[in-house]
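Reading the structure
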Amino acid sequence: MLSCCLRLCVSGLALPPPFLLQPPRAAGPSVRHLLLRTLNFNFRQPRLMKPLVVFVLGGPGAGKGTQCSRIVQKFGYTHLSAGDLLRDERNKPDSQYGELIEKYIREGEIVPVEITISLLKREMDRTMEANVQKNKFLIDGFPRNQDNLQGWNKTMDGKADVAFILFFDCDNEICIERCLERGKSSGRSDDNRESLGKRIQTYLQCTKPIIDLYEEMGKVRKVDASKSVDEVFGDVVKIFDKEG
């Protein structure tokens, strides 16, 4: 007759066999805890890396968009133009901000920071949710004033790392001529001499001090943007190769 523990009798002595047939025991608390930790480790969702951001600044017509397109192709960054995002939002029929954005853009003024940052953050989140490895961003045309910078620091502090500012330095008159030429085909409401004058003044009064502030922190990489497109990009490549 079998009991919970099978024993063999040898020479009248009850000896334990080399194996025991025992019913399985429930795992104790420490074992269960270890198993749960292992399962959690194995099935945990991959954590999103923090965005690595390069702010791209310069006057209107300095060539920021053109150079950003080339940086994307060569270095794998995602290009987010604050201006393009605002114009796209303005053109959406159901946008609650459309008319407000149009007013600010037409007057050459800076759109409220809450709107701009919400659009930038939304696009960064979408990009990284689609591909967790795509965490490098060029943010073109932002921050444009102290309010932008404070809003970014308040909203994105600890959520994104700013590597440096890529500053395209270009003579104002060259910038104006480039924009007027672009305006012949761009269809942009702000590519006219009156709006450009206002935009240049806004840049000098509001954006240039932000560049100067980052310069004091040693986080500005300056490029002479008055050169040809290829020459400018050659200088840009040197910067990104050095920065890694």
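What you are looking at is a predicted structure, and each value in this text was computed from that prediction instead of being measured.

Topic: the pattern of salt bridges
Going through the model one piece at a time under the given rule, you end up with 23 salt bridges. Salt-bridge contacts for glutamate 194 lead to lysine 198; the nearest nitrogen and oxygen are separated by 3.9 Å. Taken together, the residues span about one helical turn, with glutamate 194 and lysine 198 both in helix α8 (residues 193-216) at a distance of 4 residues. In this structure lysine 198 comes out as partly exposed when scored by relative accessible area, which is 31%. Connected through shared salt-bridge partners, Glu89, Lys92, Arg122, Glu123 and Arg126 make up one network.

Side note on the packing of aromatic side chains
For the structure shown, the criterion picks out 7 aromatic pairs. Taken together, the ring pairs connect Phe55, Phe142, Trp152 and Tyr214 into an aromatic cluster. Between lysine 74 and the ring centre of phenylalanine 75, over which it is positioned, the NZ or CZ distance is 5.8 Å. The ring of tyrosine 104 has lysine 103 sitting right over it, with the charged end atom 5.2 Å from the ring centre.

Observations regarding the sheet that holds strand β7 (residues 220-224)
The parallel open sheet is built from 5 strands, whose spatial order is β4-β5-β3-β6-β7. Of all the strands in the sheet, just β4 (78-81) and β7 have a single pairing partner and so form its edges. Across the sheet, the mean angle separating the axes of adjacent strands is 25° when strand polarity is ignored. Bridge count for strand β3 (residues 52-58) against strand β6 (residues 161-169) is 7 bridges, and the pairing is parallel. Paired with valine 54 across the strands is phenylalanine 164, a residue of β6. Running at roughly 155° to strand β5 (residues 136-140), helix α5 (residues 113-130) makes contact with β3, β4 and β5 of the sheet.

A look at the UniProt feature "binding site: a ribonucleoside 5'-phosphate" (unreviewed entry) in the chain
Under the present numbering, the feature "binding site: a ribonucleoside 5'-phosphate" (unreviewed entry) in UniProt falls on Arg87, Glu109, Ile110, Val111, Gly141, Phe142, Pro143, Arg144, Arg188 and Arg199. Summarising the element assignment, arginine 87 is placed in helix α3 (residues 82-91). Setting aside residues no more than four positions away along its own chain, arginine 87 makes contact with Ile105, Arg188 and Asp190. The residue valine 111 is located in the loop between α4 (98-106) and α5 in this model. For valine 111, a relative accessible area of 5% gives the class buried. In contact with valine 111, not counting residues within four places along its chain, are Leu86, Ile101, Tyr104, Thr116 and Asn148.

Criteria and cut-off values
- Residues numbered from 1 in each chain as written.
- Predicted model: local features only at pLDDT ≥ 70, side-chain atom pairs only at ≥ 80, totals over all residues.
- Heavy atoms only, no water.
- Salt bridge = Lys/Arg side-chain N within 4 Å of Asp/Glu carboxyl O.
- Helix = DSSP H or I, 4+ residues; strand = E, 2+ residues; numbered from the N terminus.
- Buried < 20%, exposed > 50% of the residue type's maximum accessible area, 1.4 Å probe, protein only.
- Phe/Tyr/Trp six-rings, centres within 6.5 Å; stacked < 30°, edge-to-face > 60°.
- Lys NZ or Arg CZ within 6 Å of the ring centre and 35° of its normal.
- Pairing = 2+ DSSP bridges.
- Axes fitted to C-alpha atoms, helices over the stretch in contact; angles between N-to-C directions.
- Contact = heavy atoms within 4.5 Å.
- UniProt positions renumbered as here; feature names shortened; annotations may be inferred.

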